[in-house]
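# Observations on chain architecture
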Amino acid sequence: MIPIPVLNYHCVSDYPAPWIAEYTVTPDDFEQHLDLILDSGRTVVPVSRLADASAGRRALPRNPLVITFDDGFADFADIAAPGLADRRLPCTFYAATGSLEGRRRRETVFPPHSMVSWSQLPELEEQGVEIGSHSHTHRDLDLADPRIAADEVIRSRELLEDALGHEIRSFAYPYGHSTSRLRRVVARCGYDSACAVRNRLSRVGDNIFALARLPLLAATTIEEVSAWLDGRGARIASARPDTLGIRADRLYRRVLRMPVLPENDLADPLPPW
Ligand SMILES: [Zn+2]
């Protein structure tokens, strides 16, 4: 069983907005992470390479590692992508299409924030970035009406495919939350992989529609990152993504805290994370 770290970044900034600060790493720390990755002996691959391996289309390199970014913040194009390209490291970038700049009105639960623009997406692909979908509005799809969830999964894929002129293969669940029904929807809509979070090392044989990822937080230490690159410091994902803890958390959010947004009411943002 090969432990596969699937790193999950959001923001790379020295000056994050308060609502995203917990999920932000500094540019200096990010540079250190990239240098650790280069020294680790791991081969960085995009998420779709895991799907290719899962389907038997192409074997994985001996010591794989995956780097992912969620949401679509502008600092990805300004800071993270150049740092990755300088080192010839690929990554997978999951964009919430309703928040991207430059073409459509905002349709998002995010507070205002500088985001990547639609016109930057082809340039990012040329730098080795795989583009995936992170839904349209970033609402919590595991609690949403199934028709709304399906629309988010389909619409975001179609928008990205129209913009880029090719198939979009991978999806990342907003907040990392999924259910078995939502995973089936994602598979039926044509994606061949999807990322959860799960705070675990992934592995060959991980659920390809609920891949375990390790979130990089402001509080994450260099020592933790180093351990993950060694395949240590976190448990290895089980085959069943819906642990008792995840089901309890969903029940908590459903019953006590987080009402499902009415379809046309995006004025009041959800709690930021
Ligand atoms: Zn997100």
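Notes on the structure follow.

The rules behind each value
Residues numbered from 1 in each chain as written. Predicted model: local features only at pLDDT ≥ 70, side-chain atom pairs only at ≥ 80, totals over all residues. Heavy atoms only, no water. Donors = N, O, S within 2.8 Å, 3.2 Å for Na, K, Ca; no water. Buried < 20%, exposed > 50% of the residue type's maximum accessible area, 1.4 Å probe, protein only. Helix = DSSP H or I, 4+ residues; strand = E, 2+ residues; numbered from the N terminus. Contact = heavy atoms within 4.5 Å. Polar contact = N/O pair within 3.5 Å; in protein donor to acceptor, adjacent residues only side chain to side chain. Pairing = 2+ DSSP bridges. Axes fitted to C-alpha atoms, helices over the stretch in contact; angles between N-to-C directions. Parallel < 35°, antiparallel > 145°, perpendicular 65-115°, else oblique. Left-handed = near helix turned anticlockwise from the far one by under 90°. Nonpolar A, V, L, I, M, F, W, Y, C, P; charged D, E, K, R; others polar. Salt bridge = Lys/Arg side-chain N within 4 Å of Asp/Glu carboxyl O. Phe/Tyr/Trp six-rings, centres within 6.5 Å; stacked < 30°, edge-to-face > 60°. Expected span 1.5 Å × (residues − 1).

### Side note on the coordination of the zinc ion
Metal coordination angles have textbook ideals: 109.5 degrees for a tetrahedral set of four donors and 90 or 180 degrees for an octahedral set of six. The protein atoms that coordinate the zinc ion are Asp 71 (OD), His 134 (NE2) and His 138 (NE2), at distances of 2.0 to 2.1 Å. The motif formed by the donor residues of the zinc ion, counted along the single chain, is D-x62-H-x3-H. Overall, His 134 belongs to the buried group, its relative accessible area being 1%.

### Quick word on the environment of Arg 183
Tracing the backbone shows Arg 183 in helix H6 (residues 180-188). As a C-alpha pair, Arg 183 and Ser 193 span 10 residues in sequence and 9.4 Å in three-dimensional space. Discounting residues that sit within four places of it in the chain, Arg 183 has contacts with Tyr 173, Ser 178, Asn 207, Phe 209, Ala 210, Pro 241 and Asp 242. One polar contact links Arg 183 to Ser 178, side chain to side chain, over a distance of 2.8 Å.

### A few points about the pairing of strand S8 (residues 129-133)
With respect to burial, S8 is a largely interior element, 5 of its 5 residues being buried. The alternating pattern of S8 places Val 129, Ile 131 and Ser 133 and Glu 130 and Gly 132 on opposite faces, both of which are buried. Note that strand S7 (residues 91-95) and S8 share 5 bridges and pair parallel. Bridge assignment links Tyr 94 to a residue of S8, and that residue is Gly 132.

### Quick notes on the packing of helix H5 (residues 146-164) against H6
Between H5 and H6, the shortest axis-to-axis distance is 10 Å and the interhelical angle comes to 40 degrees. Put simply, H5 runs oblique to H6. Note on packing geometry: the crossing formed by H5 with H6 is right-handed. Together, Pro 146, Ala 149, Ala 150 and Val 153 of H5 and Arg 181, Leu 182, Val 185 and Val 186 of H6 make up the contact between the two elements. Across the contact of H5 with H6, the residue classes tally to 7 nonpolar, no polar and 1 charged.

### Overview of the pattern of salt bridges
The tally for this structure, following the rule as stated, stands at 16 salt bridges. For Asp 35, the salt bridge identified is with Arg 87, shortest N-O distance 3.1 Å. Taken as a pair, Asp 35 in helix H1 (residues 27-40) and Arg 87 in the loop between helix H3 (74-86) and S7 lie far apart in primary sequence, 52 residues in all. Linking Arg 105 and Glu 107 is a salt bridge whose minimum nitrogen-to-oxygen distance equals 3.3 Å.

### Section: the packing of aromatic side chains
All told, the structure shown has 10 aromatic pairs when counted by the stated rule. Ring centres of Phe 30 and Phe 69 lie 5.8 Å apart, and the angle between their planes is 75 degrees; on these two criteria the pair is classed as edge-to-face. Placement of Phe 30 in helix H1 and of Phe 69 in strand S6 (residues 64-71) is noted, with a sequence separation of 39 residues between them. As far as the burial class goes, Phe 30 and Phe 69 line up, both buried. Taken together through their ring pairs, the aromatic side chains of Tyr 9, Phe 30, Phe 69, Phe 76 and Phe 93 make up a single cluster.

### Comments concerning H5
Here H5 is 19 residues long and its end C-alpha atoms lie 27 Å apart, about the 27 Å a rise of 1.5 Å per residue gives. Buried positions along H5 lie against helix H4 (121-126), S8, strand S9 (170-172) and H6. Of the residues that open H5, the one with a side-chain oxygen 2.7 Å from the backbone nitrogen of Arg 147 is Asp 145. Two residues or fewer after H5 comes Gly 165, characterised by a positive phi angle close to 75 degrees.

### Examining the side chain of Asn 8
Within the secondary structure, Asn 8 sits in strand S2 (residues 6-9). Here Asn 8 falls in the buried class, since its relative accessible area comes to 1%. For Asn 8, the contacting residues outside a window of four places in its chain are Thr 68, Asp 70, Val 197, Arg 213, Leu 214, Pro 215 and Leu 216.

### A closer look at unusual backbone geometry
One non-glycine residue, Ser 135, adopts positive backbone phi at about 80 degrees. Here Ser 135 lies in the loop between S8 and H5. Residue classification places Ser 135 among the buried residues on the basis of a relative accessible area of 0%. In this structure, Tyr 175 takes a positive phi of about 60 degrees despite not being glycine. Secondary-structure assignment places Tyr 175 in the loop between S9 and H6.

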